[in-house]
Structures are given as C-alpha cells and as structure tokens.
Amino acid sequence: MRKLPPSLLLLPALLLLGACSGIFNRTMSSVYPDMYANQPTSILVLPPVNNTTAADAREYFSCSLAEALGMRGYYILPVETMFNILRDEGLYDERNNDPAVLANFRKYFGADAVLYTVIEKWDKSWFLDSGSLTIQARFALISTSSFETIWDYGSTIRVNLGSESKKFLVKLIESAVKTAMEDYFPNAREANILTFEKALPYGKYHPLHGSDAEKWVNWDKAGFYEIDK
Amino acid sequence: MKARAALLLCLLLSACAQTSYLYYGDSSHAYYKAVKHATPQSVADYKACLENVFSESARRQQPVPPGLYCDYAMLLVSQKDYASARDYLLREKSCWPESALLVDYLLQRYELEP
C-alpha cells in the first residue's frame, strides 16, 4: 500500500481546527444585533471607573478613549467639555445608569449612547530582562433611548516592555527602565485602539461602515491580546 | 532582479496600507499631560497640539476629529477670547451635525450667542 504524503495526513487535523475555531467565534451582527439594527451615531464617554490601585489609570483611559472611538467612525461628544458639565451637575463620580439621567443625556446633549468603562487591572511586572504591563478593562455602550446594553466587551492586553538588544546587560537595563517609566499613556491609548479595532463595529463616519457585519468576534465578548514594544 | 521584485513588493504594500480617515496627531497625549499637570505650559502645549491637528487635517482634506473644535473653544473661553470661542463652536456644529444640541447649550451657557 502506498504511504500517504505527510501533508495529506495533516489535512484532517487542519479541517478539525478550522471547524473548531467557528465554535468560539460568531459574526459581529449576531453578537451585537442592536449595533446594526439601530446603531448609535453619537457617544458620550463617561468617566471610567478605576478598580485598580494605579491612580493614573483613570486619566490614561479618559484621555485616550475619544481617539480610539473616534477612529471607529462615531461622533464622540468632547470629553473634557462633558466632564466639566458632569462635575458642575454633580454627576462626575456617579454611576449614571438611571434611565432619567440617560434620557437627559440624549435630550440636552444629543447622545445616542453612553460608554461605561471599568478598569479592572493595571499591573506592571518586571523580571530580569523582561517587563510587561497588563491592562484589563470592560466596556459597555448603553442606549439612551432603550436603556439597554447594545455593545459590551472585555479586553486583557499585555504590553511587552522588554528590550530588543542582544546584549544581556543592555537588555536588563532597558527593560527595567521601560517598566519603571512613569508615563504609560501611549500604552493605554494603544490598548484602547486595539480593543475597539477587534470588537466595535464601524460607526457611521468610517469609510468602511457597514462592511463588518460578517467579521468574526469572540462569542464570549472578551479577548486577550499582546502588544510588543 | 531580486531588487526589482523587492521594490515592487514595497510599492504594492504601501498601496494597500490604509491611512486613518481622521488625524489626531499627539492631541490625546497632550490632553493627558494638560489634565495631569494642569500647568500653564501643559495647557499651552495642548492648545498648540490642537492647532496642529486643525492645520494638518486641512492639509490632508480630512475632517477635524469629533470634539476637538469644541474642546479648543473651551480653552479659548478660559482665556476670555469669546469671539474666537464662538467661531470654533460653530465650526464643530458645521463639521459634526450631531454636536448641534451640545453647541447650542454651550453658546447659551457661556453667553456666546450673537
């Protein structure tokens, strides 16, 4: 009997893996039907809730979310302006999920949805020649007309802060410096951009609006990603 | 021959690369520094960064990203340049119709209506 070539023996395994990947992914339009049936155009970003011990994490997120969302094609109400209004109205540190409050966001400011952000993890670690920053956050868009959650996603992003140097001592020093640096804003910005690229449908203003309904997204609305620096 | 193939590949890849439909520049980072440090210099840097976004967006023939005209107008209000603040609020309204309710609210709140 002729021996089958090794490549043909791999074929059933590849087919099985391909089928299995479909179990864990579904299309954007099936996971987030409301985002396609009645998509919001304008989004009000609420001050993120910080459940970590990193005091700066809230500002890292609140200052980078507008860009990450804007690049997906949504009108984002000006963050600093809205935060000042929320402070003046005593709503800056509130949860703001009262339907009456959400309805007022729509009535007075034209917001179709509000974005809730909860920062769950902001962990820096360093060992010898490698350092990393792990950012974990949950996001939810709540409609200001139906008061329902129309989109939500949780992301865990590990930013690798190691050095590319081939010399061990240089690598040791560079990774220690990268991990110890105080301004992590670029990392937060990149993490938020990546999260929305992976899971948020294109908004009205994006040139590719409407083209992602069949794009795969994790069925459990959560993802783990790595960024190399 | 190999060099030509490599050059052709680079040209094809650059053609496929998508540029973003909006230009934010370094405005988000400058905003963070203005919030974090709240010094006159950090606020001035943020203002300059926004001006750079406006001019670069015009050069690229792209819209200024949502909210930036408005945040710039609020900086002008804090500097008591009310005429320019009104102008930038109206630019936000013109560029992004969804901002109409908010812009009208701000024009009234800061008494910038004509």
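This is a predicted model, so every value here is computed, not measured. (Residues numbered from 1 in each chain as written. Chains lettered and ligands numbered in written order. Predicted model: local features only at pLDDT ≥ 70, side-chain atom pairs only at ≥ 80, totals over all residues. Heavy atoms only, no water.)

Tallying each qualifying case throughout the model produces two cavities of 30 Å³ or more. Estimated volume of the largest cavity: approximately 130 Å³. Lining the largest cavity are 18 residues, and of these A66 and V79 of chain A together with Y31, L68 and D71 of chain B lie nearest its centre. Of all the elements in the fold, those that place two or more residues in the lining of the largest cavity are α5 (65–70) and α6 (79–88) of chain A together with α2 (27–37) and α4 (68–78) of chain B. Partitioning the lining of the largest cavity into residue classes produces eleven nonpolar, four polar and three charged. Of the pockets and cavities examined, the second largest cavity occupies roughly 30 Å³. Every residue lining the second largest cavity is listed: T81, N84, I85 and D88 of chain A together with M74, L106, R109 and Y110 of chain B. Of all the elements in the fold, those that place two or more residues in the lining of the second largest cavity are α6 of chain A together with α6 (100–109) of chain B. Counting residues per element, the lining of the second largest cavity draws most heavily on α6 of chain A, at four residues. Its residues assigned to classes, the lining of the second largest cavity comprises four nonpolar, two polar and two charged. (1 Å grid on protein atoms, 1.4 Å probe; cavity = no way out; pocket = protein on both sides within 12 Å on 5 of 7 lines; lining within 4 Å. Points joined across faces, edges and corners; volume = space filled by probe spheres on them. Helix = DSSP H or I, 4+ residues; strand = E, 2+ residues; numbered from the N terminus. Nonpolar A, V, L, I, M, F, W, Y, C, P; charged D, E, K, R; others polar.)

It is worth spelling out the interface of chain B and chain A at this point. Facing 27 residues of chain B, the contacting portion of chain A comprises 38 residues. For the pair chain B and chain A, the summed buried surface comes to about 2,600 Å²; carbon and sulfur atoms form 62% of the total. Considering only the surface of chain B that becomes buried against chain A, Y21, Y32 and E98 of chain B emerge as the three largest contributors, covering 26% of it. Our count for the chain B to chain A interface comes out at three salt bridges. Joining chain B to chain A, the criterion identifies ten residue pairs in polar contact (both at pLDDT 80 or more). Sorting the residues of the side of chain B that touches chain A by element identifies α2, α4 and α6 of chain B as the ones contributing at least two each. If one sorts the elements of the side of chain B that touches chain A by residue count, α2 of chain B sits on top with seven residues. (Contact = heavy atoms within 4.5 Å. Buried area = accessible area lost by both parts, 1.4 Å probe. Salt bridge = Lys/Arg side-chain N within 4 Å of Asp/Glu carboxyl O. Polar contact = N/O pair within 3.5 Å; in protein donor to acceptor, adjacent residues only side chain to side chain.)

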